[in-house]
Amino acid sequence: MISPDPSTLVLRLADIGDEAPAALLARYGLTLQHVADGEPIPGSYWGDEEAGIIGCTVHARADTPVHSLLHEACHLIVLPSERRAQIHTDATDSVEEEDATCYLQIVLADELPGVGRHRLMADMDAWGYTFRLGSTRAWFEQDAENARAFLAERKLL
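Residues numbered from 1 in each chain as written. Predicted model: local features only at pLDDT ≥ 70, side-chain atom pairs only at ≥ 80, totals over all residues. Heavy atoms only, no water.

Caption draft 1: Looking closely at unusual backbone geometry. Residues other than glycine seldom take positive phi values, yet Asp48 does so here, at roughly 50°. By the element assignment, Asp48 lies in the loop between strand E1 (31-34) and strand E2 (52-54). At Lys155, a residue that is not glycine, the phi angle is positive and equals roughly 55°. Its location among the elements puts Lys155 in the segment after helix H8 (145-153). For Lys155, a relative accessible area of 71% translates into the label exposed. (Helix = DSSP H or I, 4+ residues; strand = E, 2+ residues; numbered from the N terminus. Buried < 20%, exposed > 50% of the residue type's maximum accessible area, 1.4 Å probe, protein only.)

Caption draft 2: Representation of the nonpolar core within the structure. Counting residues in hydrophobic clusters, the biggest one holds 42 residues, and the most contacted among them are Val58, Leu70, Leu120, Trp139 and Leu151. Those elements giving two or more residues to this core turn out to be helix H2 (19-26), strand E3 (57-60), helix H3 (66-78), helix H5 (95-109), helix H6 (116-127), helix H7 (136-142) and H8. Examining the composition of this core, we find that 8 residues originate from one element, H3, more than from any other. When near neighbours in sequence (up to four residues on either side) are disregarded, Trp139 contacts Asp99, Cys102, Tyr103, Ile106, Phe131, Leu133, Ala144 and Ala147. (Core = buried A, V, L, I, M, F, W, Y, C linked by side-chain atoms within 4.5 Å. Contact = heavy atoms within 4.5 Å.)

Caption draft 3: Structural view of the packing of aromatic side chains. Taken as a whole and judged by the stated rule, the model has 4 aromatic pairs. Ring plane angle 85° and centroid distance 4.9 Å describe the contact between Tyr45 and Trp46, whose orientation is recorded as edge-to-face. Using a relative accessible area of 46% as the deciding quantity, one classes Tyr45 as partly exposed. A relative accessible area of 60% places Trp46 in the exposed class. Between Tyr103 and Phe140, the aromatic rings sit 4.4 Å apart at their centres with planes inclined by 25°, giving stacked as the arrangement. Of this pair, Tyr103 sits in helix H5 while Phe140 sits in helix H7, and the two are 37 residues apart along the sequence. Exposure remark for Tyr103: the relative accessible area of 8% places this residue in the buried category. One aromatic cluster in this structure is built from Tyr103, Phe131, Trp139 and Phe140. In this structure, Arg154 packs its charged tip against the face of Phe150, placed 3.5 Å from the ring centre. (Phe/Tyr/Trp six-rings, centres within 6.5 Å; stacked < 30°, edge-to-face > 60°. Lys NZ or Arg CZ within 6 Å of the ring centre and 35° of its normal.)

Caption draft 4: Structural detail: the environment of Val78. Here Val78 lies in helix H3. The class for Val78 is buried, based on a relative accessible area of 3%. For the pair Val78 and Thr136, spaced 58 residues apart in sequence, the C-alpha to C-alpha distance is 19 Å. When residues no more than four places from it in sequence are discounted, the contact partners of Val78 are Glu97, Ala100, Thr101, Leu104, Phe150, Leu151, Arg154 and Leu156.

Caption draft 5: The arrangement of the layout of surface pockets in detail. Looking at the largest pocket, its volume works out to about 330 Å³. Lining the largest pocket are 16 residues, and of these Tyr45, Trp46, His71, Glu72 and Glu98 lie nearest its centre. When residues of the lining of the largest pocket are assigned to their parent elements, the largest contribution, 5 residues, is made by H3. Roughly 160 Å³ of volume is contained in the second largest pocket. Lining the second largest pocket, in full, are Asp99, Phe131, Arg132, Trp139, Asp143, Ala144, Glu145, Asn146 and Ala147. Take the lining of the second largest pocket: its biggest share by element is 3 residues, from H8. Each residue belonging to the lining of the second largest pocket can be placed in one class, and the counts come to 4 nonpolar, 1 polar and 4 charged. (1 Å grid on protein atoms, 1.4 Å probe; cavity = no way out; pocket = protein on both sides within 12 Å on 5 of 7 lines; lining within 4 Å. Points joined across faces, edges and corners; volume = space filled by probe spheres on them. Nonpolar A, V, L, I, M, F, W, Y, C, P; charged D, E, K, R; others polar.)

Caption draft 6: A look at the pairing of E3. For E1 and E3, the ladder comprises 4 bridges, and the chain directions are parallel. Directly across from Gln33, in E3, lies its bridge partner His59. Looking at chain direction, E2 and E3 are connected through 3 bridges and run antiparallel. Bridge pairing in E3 links Ile53 to Val58. A loop of 2 residues connects E2 with E3, the two strands running antiparallel in sequence, and Gly55 in this loop sits at a positive phi of about 60°. (Pairing = 2+ DSSP bridges.)

If you want it as structure tokens, here you go:
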């Protein structure tokens, strides 16, 4: 028997709906733009079903993984507001901002009904995120001091 690809089992936007994610993003001055099924996602760095960012808008389809939606939104959240308007597709080349983005997406998962940090971390592992301690949870709990400090300094925690 062939086991299913674990990345196909991750939570998708269709599983939780648009309302809670849109409200969460709005708290940070961001907009969630729903993209029709089968249409390309504007501003998607990875393509396929991955979320995209342009300015203060996060683009996603029903098949977009929740972790992808949160990740791209958090890229915008960690940036100073004056930099957000300039963003199109690629938000950063900074390891510090990338780590802060990963950490914040885990924290914000607790704000989405039916998601939560533990499910999001499992989905991140299934999707192929890699951390030097071997799992998202190990990184989050034992190796993310710099990300926490970055976010705390910016009053995002």
